[in-house]
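As a plain string of letters, each chain reads:
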Amino acid sequence: MIRPTYLSFSSGLISLAGEILWMRLFGFVNYSTPKAVGFVLFAYLLGIAMGAALGKRYCSRLRDDELLQRSGYCLTLSGLAWVLLPWLFVLLPHGITQLIGGALIMIFSAAVLAVIFPIAHHLGVRGEVRMGKGFSSVYAANVMGATLGPILIGWVGLQWFTLQQCFILLALAAFALAARFLHHLKPRLSMLCIAFSIPIAVICLPLEPHALIDLGSKQVIETRQGIIAVVEGGQEGDFVYGGNVYDGRTNLDGDINSNGIHRILITNVLKPRPQRVLVVGMSIGTWLTLATAFEGVEHIDVIEINPGYKQAALAYPPQKHAMQDKRVNLVFDDARRWLRLHPEAKYDLILMNTTWHWRAYSTLLLSQDFFRLVHQHLKPEGLVALNTTGSMDVAQTASQVFPYIYKLNNFIYGSESDLQPRLHQADAEMRLASIKVQGKDVFKPGSEMPREILQMPFLRIDPVAGALAGHEIITDDNMLVEFRRGLSLLQ
């Protein structure tokens, strides 16, 4: 006889492990917006409620052996769902169809396993002299499974396997448990579960491991921190996407300037000869490569949360050379945690070419709280350059921390003193034109680009003058850019 606690533990483990996978897939398809997380949670909880209601009805109508048989059926359906439904979801056209279809798919995924918990509870307390003991044992087992599932799949599974492979492994686990539960009741059905799992293992596991999320990329890297895709970009440099969102290009040619590298090159004029540099967010390594070319640089700390970017950057010789530079200290960590653990680190130049302001967790890099932490690590004459990605709320927030704020395109530059006059110094154009990356000129000889960069509007942002009227301060508490200013799921 199958122990109810075992049934409860197994259903909790597979269900919550599956939720983590749906979080990853649904979030990827919807550009890593925070609302995607809430939507998956809504669909999953609704599915759990519906499945539990159906399980309760079974408990009032069926015998114990029939209840165990239904549990086996549910696990078998769950196994089929983990194989087929992710593919059905990604094939749906993006928009309202995919949103509604995704909700129905996730509701089914959760409901088919949620049927099992009322059955486990019913069997666990039936015949018990001490009903409280049976009740608590079933609940404890379910909580343990629901806790262990996300840890196993999120911390271990997604680190060593791709998202597609994790769905397959979850399906195989569901089939194996179904076979175990049905073995004593319906041996033929048990063999049927095994028959399902063998061709799935043989056919699906050897498939292209990134096929589920690959959009014609030349390189795809999956880690537990996220999904990175590199797409062919021709002479203007390859594209890199993090979480299905544009995250930079490999171009290092100042005349092509397809990735707006003038926004970092100008810092070589605003802050000449920076000795210590901090780069928050490496991505494909283009900005790090340019920073190593600045005259006077002695040390560069690079903080990147996803180690997969290192693997992606190694495919490009200039970026690989920059990462191997003896002056570069590459750290894979959360920027906040690292800065708090290193209060003594002070920098002349801090570069933050971070991701879009509307993405999940962007508040951690764009809030007033983080800017204050960055300010503590900036030397008195230091400069911080950061990407607003078009959000003037970011500029408003930075203006509350740095006395001088300037804007160039979608970048802002903050400091304790007025650095703008340096753009008009006699050697400013020469400083730009003379930048070399590993011996190669960033600008072609005689190029007009250095002069054009210096003539671009470099505007002082004065919050007192009303330039930021209508824009608000981002804090850790209001998460303004992620929710009130964030993208909807239909964009």
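Check the entry above for the structure.
No experiment lies behind these values; they were computed from the predicted model shown. (Residues numbered from 1 in each chain as written. Predicted model: local features only at pLDDT ≥ 70, side-chain atom pairs only at ≥ 80, totals over all residues. Heavy atoms only, no water.)

A. Layout of helix H16 (residues 368-376). Burial in H16 covers these residues: Gln368, Phe370, Phe371, Leu373 and Val374. Of the surrounding secondary structure, the elements contacted by the buried residues of H16 are helix H14 (335-341), strand E8 (347-352), helix H15 (363-366), strand E9 (378-387) and helix H17 (392-399). (Buried < 20%, exposed > 50% of the residue type's maximum accessible area, 1.4 Å probe, protein only. Helix = DSSP H or I, 4+ residues; strand = E, 2+ residues; numbered from the N terminus. Contact = heavy atoms within 4.5 Å.)

B. Inspection of the pattern of salt bridges at higher detail. Tallied over the entire structure, the rule returns 18 salt bridges. In this structure, the salt-bridge partner of Asp238 is Lys218, at a minimum N-O distance of 2.9 Å. Of this pair, Asp238 sits in the loop between strand E2 (226-231) and strand E3 (239-242) while Lys218 sits in the loop between helix H8 (187-204) and strand E1 (219-223), placing them 20 residues apart in sequence. The exposure class assigned to Asp238 is buried, which follows from its relative accessible area of 5%. The exposure class assigned to Lys218 is partly exposed, which follows from its relative accessible area of 47%. Between Asp301 and Arg276 there is a salt bridge, with the nearest N and O atoms lying 3.7 Å from each other. Within this pair, whereas Asp301 is found in strand E6 (residues 299-304), its partner Arg276 is found in strand E5 (residues 276-280), the two being separated by 25 residues in sequence. (Salt bridge = Lys/Arg side-chain N within 4 Å of Asp/Glu carboxyl O.)

C. Spatial organisation of the packing of aromatic side chains. Tallied over the entire structure, the rule returns 15 aromatic pairs. A centroid spacing of 5.2 Å and a plane angle of 20 degrees characterise the contact between Trp287 and Phe411, whose relative ring orientation is stacked. Of the two residues, Trp287 sits in helix H11 (residues 286-291) while Phe411 sits in strand E11 (residues 411-415), which places them 124 residues apart along the sequence. Phe411 gets classed as buried once you look at its relative accessible area, which sits at 0%. Members of the aromatic cluster, each reached through a chain of ring pairs, are Trp22, Phe26, Phe39, Phe42, Trp82, Phe89 and Phe167. The aromatic ring of Tyr58 is capped on one face by Arg70, whose charged end is 4.8 Å from the ring centroid. The ring of Phe239 has Arg249 sitting right over it, with the charged end atom 3.7 Å from the ring centre. (Phe/Tyr/Trp six-rings, centres within 6.5 Å; stacked < 30°, edge-to-face > 60°. Lys NZ or Arg CZ within 6 Å of the ring centre and 35° of its normal.)

D. Highlighting a nonpolar patch on the surface. Taken together, Leu148, Ile151, Leu152, Trp155, Val156, Trp160, Phe161 and Leu169 make up a surface patch of nonpolar side chains, about 800 Å² in accessible area. With six residues, helix H6 (residues 131-160) is the largest single contributor of residues to the nonpolar patch. As for its position among the elements, Val156 is in helix H6. By relative accessible area, which is 37% here, Val156 ends up partly exposed. (Patch = residues over 30% accessible without salt bridge, like charges linked within 9 Å, V, L, I, M, F, W, Y side chains within 5 Å. Areas by Shrake-Rupley, 256 points an atom, 1.4 Å probe, with all protein chains shown as cover.)

E. Spotlight on the sheet that holds E2. The antiparallel open sheet is built from four strands, whose spatial order is E1-E2-E3-E4. Looking at strand neighbours, the two that pair on one side only are E1 and strand E4 (245-249), the edges of this open sheet. Strand-to-strand twist of the sheet, defined as the mean angle between neighbouring strand axes without regard to direction, takes the value 20 degrees. Across four bridges, the pairing between E2 and E3 is antiparallel. Pairing of Val231 across the sheet is with Phe239, part of E3. (Pairing = 2+ DSSP bridges. Axes fitted to C-alpha atoms, helices over the stretch in contact; angles between N-to-C directions.)

F. The pairing of strand E10 (residues 404-408), seen in detail. Here E10 runs beside E11; their pairing, made up of five bridges, is antiparallel. Each bridged residue has a counterpart across the sheet, and for Ile405 the counterpart in E11 is Gly414. Turn length for the E10-E11 hairpin, with the two strands adjacent in sequence and antiparallel, is two residues, and the turn residue Asn409 shows positive phi of about 55 degrees.

G. Representation of the side chain of Glu19. Tracing the backbone through its elements, the reader meets Glu19 in helix H1 (residues 4-29). One buried charged residue, Glu19, remains without a salt bridge, the closest side chain of opposite sign being Arg24 at 14 Å. For Glu19, the contacting residues outside a window of four places in its chain are Val40, Leu41 and Tyr44. (Lys, Arg positive; Asp, Glu negative; His and termini not counted.)

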